[in-house]
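Structural overview
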Amino acid sequence: MNIKFNTKGVIYGVLALVLFIGGFVFIPKMFLDKSKPVDYVIVQKNEIPDKILDMMGKYENEERALAVKMDNKIYVIATRGEDKEHGIEIQSIKMTTQEDKKVMKVEMVHKSKEESHPYVVVETNLSELPDRIELDSKKAE
C-alpha cells in the first residue's frame with residue numbers, strides 16, 4: 001500500500017491551524033483591558049493627615065482626583081465639586097500603562113448625601129505616584 005501526501009496541503013493545513021490557535025490566544029489579549037486594580041482602604045475623617053486637610057480647601061469646589069505621597073504612603077483624594085446635593089463614593093481605582101506612562105483611573109459615583117461624603121480620602125498599596133490621573137464620575141442609578 002503506497003500512500004502519497006500532498007505536501008502543499010499539509011503545510012497549508014498546519015499553517016491554518018497555527019493561525020487559528022494563535023488567534024484564540026493573542027487576539028483577546030489585544031482587546032482586553034490591561035489595567036490592574038489598586039487595593040485601598042478608606043481613611044476615616046479623624047485619621048486624615050493634617051497636610052491633606054489643609055490642601056483640601058483649594059480643591060473642595062472642583063470635581064477632582066488627586067494623589068499625594070506622605071510618609072511613604074500614597075493617598076488618593078476625590079472631591080465632588082460644586083454639586084452640593086450629592087456626595088461621592090469611590091467605585092474603583094485601577095492602574096494602567098499608556099505610552100510608557102503610569103495612569104491611574106479613579107471611578108467615582110455621585111450618590112445621595114445620606115449615603116456618601118463631599119470628599120473621600122483613601123490609602124493605597126502603591127509605592128510610587130502615577131504620571132497622570134483620570135477621573136470617571138457618574139450618577140448613581
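Up top you'll find the structure we're talking about.
Residues numbered from 1 in each chain as written. Predicted model: local features only at pLDDT ≥ 70, side-chain atom pairs only at ≥ 80, totals over all residues. Heavy atoms only, no water.

**Considering the pairing of strand 7 (residues 119-124)**
Consecutive side chains of a regular strand alternate in pointing toward one face of the sheet and then the other. Most of strand 7 is tucked away: five of the six residues are buried. Pairing of strand 2 (residues 40-42) with strand 7 involves three bridges; the strand directions are antiparallel. Looking across to strand 7, one finds that Val-41 is bridged to Glu-123. Across five bridges, strand 4 (residues 73-80) lies against strand 7 in antiparallel orientation. When the bridges of strand 7 are listed, Ile-77 appears paired with Val-121. (Buried < 20%, exposed > 50% of the residue type's maximum accessible area, 1.4 Å probe, protein only. Helix = DSSP H or I, 4+ residues; strand = E, 2+ residues; numbered from the N terminus. Pairing = 2+ DSSP bridges.)

**Side note on the sheet that holds strand 7**
Strand order in the open sheet formed by four strands is 2-7-4-3, with antiparallel pairing between adjacent strands. Pairing within the sheet leaves two strands with one partner each, and these edge strands are strand 2 and strand 3 (63-70). This sheet shows a mean twist of 25 degrees between the axes of neighbouring strands, independent of strand direction. (Axes fitted to C-alpha atoms, helices over the stretch in contact; angles between N-to-C directions.)

**Some remarks on the side chain of Thr-124**
Looking at the secondary structure, you find Thr-124 in strand 7. With a relative accessible area of 9%, Thr-124 lands in the buried category. A distance of 3.4 Å separates a polar atom in the side chain of Thr-124 from the backbone nitrogen of Leu-126. Excluding residues that lie within four positions of it along the chain, Thr-124 makes contacts with Val-38, Asp-39, Tyr-40, Ile-74 and Val-76. (Polar contact = N/O pair within 3.5 Å; in protein donor to acceptor, adjacent residues only side chain to side chain. Contact = heavy atoms within 4.5 Å.)

**Focus on the environment of Glu-107**
Along the chain, the position of Glu-107 falls in strand 6 (residues 101-112). Given a relative accessible area of 22%, Glu-107 falls into the partly exposed group. Considered as a pair, Glu-107 and Lys-73 are 34 residues apart in the sequence and their alpha carbons are 21 Å apart. Setting aside chain neighbours within four positions, we find Glu-107 in contact with Glu-89, Ile-90, Gln-91, Ser-92, Lys-94, Asp-136 and Lys-138.

Any functional reading would require information beyond the geometric quantities listed.
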